[in-house]
Amino acid sequence: MSILVDSRSKVLVQGITGQTGRLFAEKMVAHGTPLVGGVTPGKGGSVVAGVPVFDSMRDAVEATGADAVLCCIAPAYVLDGMYEVVDAGIPLAVLYIENIPVHDAIRMCAYAKARGTRLLGPNSAGVVSPGRANLSDLNDVNLRPGRIGIVSKSGTLTYEVIDELHRHGLGVSTVVCLGGDRVIGTHYVDVLRLFEGDPDTDLVILIGEPGGGLEYPAAVQAAAMRTPVVAYITGQASPQDARMGHAGAVVGEDERSRPQSKMKAFSAAGLVVAQRVTDIGEAVARTLDRAATRA
């Protein structure tokens, strides 16, 4: 099993005729993601990567039964585009685009939540269940199916963690990238709860970063789970008042925004905390061994 997407998903690409959307669509088809169509207003009736293009999300959902969408449209049109996604009744939307105005992000996240659409992003690297479905910019050839879940704000850092897992002969059930902006639609707690309900995820790796406070409720949630969680917070040497790559990764005067404080919170909750990214594979292996011994 996996969470959010699998081989039964029916995927659309919003903005499929643009350069980014077309590249994603071609990659999906090449690696077996169940892509059923795409949407670009005014381009209905054309074909991209072997799948039909529709003029609207509603038309696409009615024709294909789609239940997931990767949004690759320009920032100026994203707010209206996400309204259209939600109104079409799609339960999962990945908003890959960055540079979304904060007020637009607030509106679309609230609208999606109120109407039952789970939104990953803005500025999300996406979600992938290796060998089943990939709505992310993670390369399929670098992924291996397995039983470890990953939830992170960062797609790039996730690659390093996956490499560490491979060194220990481990693979991934699902990778969920929340998005690096200040306002995002899905939080760590939401994804941890989904992993807790997945019988084929044996352990979850949570990757946090400076800025904000989403890791604190996640530590409380993780401490209450049967599924073990290994946490890692990047940016431990980041200077105060610096923005570390993501718009939301700002180390401010608030002590809670600092990586060291977040690591202390996970440790205080009784969770395994990796001090360096290169320690994660070993920490996961040890935690799995302990869980097997207790069982």
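The following refers to the structure shown. (Residues numbered from 1 in each chain as written. Predicted model: local features only at pLDDT ≥ 70, side-chain atom pairs only at ≥ 80, totals over all residues. Heavy atoms only, no water.)

### Topic: the side chain of Thr227
Of note, Thr227 is situated in the loop between α7 (215–223) and β13 (229–233). The exposure class assigned to Thr227 is buried, which follows from its relative accessible area of 9%. Aside from chain neighbours lying at most four places away, what touches Thr227 is Phe195, Glu196, Thr201, Asp202, Leu203 and Val204. (Helix = DSSP H or I, 4+ residues; strand = E, 2+ residues; numbered from the N terminus. Buried < 20%, exposed > 50% of the residue type's maximum accessible area, 1.4 Å probe, protein only. Contact = heavy atoms within 4.5 Å.)

### Brief notes about the packing of α7 against helix α8 (residues 259–268)
How two helices sit against one another is set out by the angle between their axes and by the gap between those axes. Viewed as axis vectors pointing N to C, α7 and α8 meet at an angle of 15 degrees, and their least axial separation amounts to 9 Å. The angle between the axes of α7 and α8 places the two elements in the roughly parallel class. Viewed along their axes, α7 and α8 form a crossing whose handedness is right-handed. Across the interface between the two elements, Glu215, Tyr216, Ala218 and Ala219 from α7 touch Ser261, Lys262, Ala265 and Phe266 from α8. Taken together, the residues of the contact of α7 with α8 sort by class into 5 nonpolar, 1 polar and 2 charged. (Axes fitted to C-alpha atoms, helices over the stretch in contact; angles between N-to-C directions. Parallel < 35°, antiparallel > 145°, perpendicular 65-115°, else oblique. Left-handed = near helix turned anticlockwise from the far one by under 90°. Nonpolar A, V, L, I, M, F, W, Y, C, P; charged D, E, K, R; others polar.)

### Focus on the pattern of salt bridges
Applying the stated criterion to the full structure yields 10 salt bridges. One salt bridge in this structure joins Arg167 and Glu164, with 3.3 Å as the shortest N-O distance. Of this pair, Arg167 and Glu164 both sit in helix α5 (residues 156–167), 3 residues apart, roughly one helical turn. Using a relative accessible area of 60% as the deciding quantity, one classes Arg167 as exposed. The exposure class assigned to Glu164 is buried, which follows from its relative accessible area of 10%. Note that Lys262 and Glu215 form a salt bridge whose closest N and O atoms lie 2.7 Å from each other. Within this pair, whereas Lys262 is found in helix α8, its partner Glu215 is found in helix α7, the two being separated by 47 residues in sequence. With a relative accessible area of 0%, Lys262 lands in the buried category. On the basis of relative accessibility, which here comes to 1%, the residue Glu215 falls in the buried class. Taken together, the salt bridges that share partners define one network made up of Arg147, Asp200 and Asp202. (Salt bridge = Lys/Arg side-chain N within 4 Å of Asp/Glu carboxyl O.)

This is a description of form; function is not addressed.
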